[in-house]
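# Working through the structure, step by step
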There are 2 protein chains.
Amino acid sequence: MRIITWNLNSIRTRRARLLKLLARHEPDILCLQELRAEAEVFPRLDVAAAGYHAEIHAQAARNGVAILSKQRARVRRRGLPPCEGRGEARFLDVEAAGLRVLTAYVPNGKSPRHPDWGYKLEWLEALAAYLADECDPEQPLVLGGDFNVAPADCDAATANPDGVLCHPSARAALAGVVRWGLDDAFRLEFAEGEESDRNLYTWWDYTRLSFARNAGARIDHLYVTAPLRSRVRKVMVDRDERRQKKGQDIPSDHAPLVLDLDVSRG
Amino acid sequence: MRIITWNLNSIRTRRARLLKLLARHEPDILCLQELRAEAEVFPRLDVAAAGYHAEIHAQAARNGVAILSKQRARVRRRGLPPCEGRGEARFLDVEAAGLRVLTAYVPNGKSPRHPDWGYKLEWLEALAAYLADECDPEQPLVLGGDFNVAPADCDAATANPDGVLCHPSARAALAGVVRWGLDDAFRLEFAEGEESDRNLYTWWDYTRLSFARNAGARIDHLYVTAPLRSRVRKVMVDRDERRQKKGQDIPSDHAPLVLDLDVSRG
DNA sequence: GATCAAGAAG
DNA sequence: CTTCTTGATC
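Let me sum up the structure you'll find in this document. (Residues numbered from 1 in each chain as written. Chains lettered and ligands numbered in written order. Predicted model: local features only at pLDDT ≥ 70, side-chain atom pairs only at ≥ 80, totals over all residues. Heavy atoms only, no water.)

Turning next to the protein's contact with DNA strand C. In the region of DNA strand C, 14 residues are neighbours, and S10, T13, R36 and A61 of chain A together with K110 of chain B sit closest. Within 4 Å of the protein, the atoms of DNA strand C are drawn from sugar and phosphate moieties in a proportion of 77%. Take R14 of chain A: an N or O atom from its side chain is 3.3 Å from a phosphate oxygen of DNA strand C. Between DNA strand C and R36 of chain A there is a distance of 3.2 Å, counted from a base oxygen to a side-chain nitrogen or oxygen. (Near = heavy atom within 4 Å. Polar contact = N/O pair within 3.5 Å; in protein donor to acceptor, adjacent residues only side chain to side chain.)

In this section: the pattern of salt bridges. Two side chains with opposite charge may pair up if their charged atoms get near one another. Applying the stated criterion to the full structure yields 50 salt bridges over all chains. For D262 of chain A, the salt bridge is made with R233 of chain A, and the minimal N-O distance between the two is 3.3 Å. Taken together, the positions of D262 of chain A in the segment after β14 (257–261) and R233 of chain A in strand β13 (residues 232–237) put the pair 29 residues apart, joining distant regions of the chain. Among the residues examined, D262 of chain A registers a relative accessible area of 22% and is labelled partly exposed. The salt bridge involving D260 of chain B is made with R2 of chain B; its shortest N-O contact spans 2.7 Å. Residue D260 of chain B is found in strand β14 (residues 257–261), and its partner R2 of chain B is found in strand β1 (residues 2–7); the two are separated by 258 residues along the sequence. Overall, R2 of chain B belongs to the partly exposed group, its relative accessible area being 23%. One salt-bridge network, held together by shared partners, links R17, R24, D238, E241 and D249 of chain A. (Salt bridge = Lys/Arg side-chain N within 4 Å of Asp/Glu carboxyl O. Helix = DSSP H or I, 4+ residues; strand = E, 2+ residues; numbered from the N terminus. Buried < 20%, exposed > 50% of the residue type's maximum accessible area, 1.4 Å probe, protein only.)

What follows covers helix α1 (residues 15–25) of chain A. All names here are of chain A. All of the buried residues in α1 are R17, L18, L21, L22 and H25. Projection of α1 onto a plane perpendicular to its axis shows the buried side chains occupying an angular sector of 140°, all on one side. Against the buried residues of α1 lie β1 (2–7), β2 (29–33), α2 (44–49), β4 (65–69) and β14. A positive backbone phi angle near 40° is found at E26, which sits one or two residues after α1. (Arc of directions from axis to C-beta. Contact = heavy atoms within 4.5 Å.)

In the vicinity of DNA strand D, the contacting residues are Y105, N108 and K110 of chain A together with S10, R12, T13, R14, R36, A61, Y206, T207 and I250 of chain B. When atoms of DNA strand D within 4 Å of the protein are split into backbone and base, the sugar-phosphate part holds 88%. Within the side chain of R14 of chain B, one N or O atom sits 3.4 Å away from a phosphate oxygen of DNA strand D. Within the contact set of DNA strand D, a base oxygen lies 3.2 Å away from a side-chain nitrogen or oxygen of R36 of chain B. In the surface near DNA strand D, the residues fall into 4 nonpolar, 4 polar and 4 charged. (Nonpolar A, V, L, I, M, F, W, Y, C, P; charged D, E, K, R; others polar.)

Following this line, the structure appears as C-alpha cells:
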C-alpha cells in the first residue's frame, strides 16, 4: 500500500495539482498540510470523484491538515493541546485502511530567539505525550507530516545550527517523539550518507533558485511503528511535483514524500 | 484590414488570452485598455514572437493602454491633459498602417453624484478638444476604446438614466466627441434596434450571472472618420472571449470589438 | 517568492 | 466578482 505526505501550501492554489497527484500515485493514504483555507473550500466533490474520502481539520487562511483515503477513515482526534489556545489546525489522527494514521504540521518557530520558538518545542512535546497516552507502539501506525526539522546535518543543504530547521533543541524535541517507538521510514531504506541527493530533500525555499541549486532540506517525514518496520519497501520524494514547467502553475515549496508498504499476509 | 479594441482587465492575468486573441484574429491593429501594470510587465517578447509591435502607455496597478500593430507605429501622444494631474494612463495616439489610431480608456465616473463624475465629463471634453486641435476629420482615423458610456437606451440591458453608463450628461459629452466628425462603426452596420442581441454588448458585470443572462452594455466602441465610413465591412463582438469554460482561466469582463475595413484601392 | 487578508476600484 | 495594493507569514 502507498502512503504519501505533502505540504501542498494552499488547497485553493494547488487543487489541480492535488487531483493529478491522486491520479499519478493512486495512494491508499494521503496526508496533507497547509490547506490554508476553511474546510468548505476543500474540493470534496473532485476528490470523491477521484475515489477518495477526506477527513479535514482546517481553519481560515493558515495551517490546516487533511487525510485522504480510498476507504472511509474514522477520526480519532483533531488538534493537540498547544493548538487549542491559538485556534490552530495542525494535527489529525484517524484510523484508515487498517492502520492508525496521524498527520502533523509542526510550527516553524520563526527563529530560535523568537517568542514562538518555545511553542514549536512544546508542540513536539505534546505530540510525544499524545503518542504515549493515546497510541500503541506495537500496533501499525504511520505518522506523516511537515515537521519543520531536519533531523541530522546531512538532511539539509545548509545545516545552520542557529536556523529553525537544524537547531539542537528542535532536533531533541523531535527525537523525543521518535523515541516513543517510531522509525523514520526514509532512514530505514537509506542510511545517513547513503541516500541520493535527488531523493533526499522534501522542501526548497521559493527564493534564490533553491530548487535549481538543490538547496533544500528533509523536513517532511513518514514515521512507522515496529509492526511496519519490515514492511517498508520503498521511500521516494516526488521531486517532479516541485518542478515548475515553463508557463505552468506554481508548485508548492514542498515535494510529496511517498512510502510503499508491503501489507501482503505472512 | 482588421482593427480590434479590447479592455483586457490586467495584462498580467490575461497574457495567455491576449496571445490567443492575436493568433485567432490576426488583427492589423489591436487597442488595449486596463493593462493595470507598469510597462515593464507587458509581454513584449511574446507579442513580438506573434509578429506585433507594441506602443504602451502604462502606470502601476491602474488604467494603462496600448496599441499593437503588425507594422511599427509612430507615437503622436501619450495622455490627455485631465490625466496629467492624476498620473493616469488613459490615452494613446499613434500612426500605424497608414491610419491615425487613437485609444481611450474613459473614466468610469463612479456615480453621477460622486466627486469624480465631473472628471469623466472633463475627460470626454478634453478628448473632443484634442481631436479638434490635433486631428483632421478628412483623414483616415480610428478611435477605439472603453468609453464607459452606452450611447442609447438600446445599448444597455438596463438603461438606468441615473447610472454611470447611461447618464444624459455622459451621453452628451460623448456626443460632443462624435460631433467632431466620427461615425460609430457598429451603428454603420446595424441601425438602432436592428442589431442581434448576440452581437451588441461588449461588457458584462462579473456579478449576478450577467453574461449568462446577457445583461450587458455596449460601452466599447470603434469610431471612424469620413474617409473610412464606406470602408466598413463588418463589425462583430468576440463574445466567445468573454465565456468562461469550466476549469479555465477567468475572462476579462469585456469582450473584444472587431472591425474589418476594406482598404483595397479604388 | 508565494501565500493569505483587508480594502479600494470597476 | 475580479483585480490590484500593502503587510504578515513561511
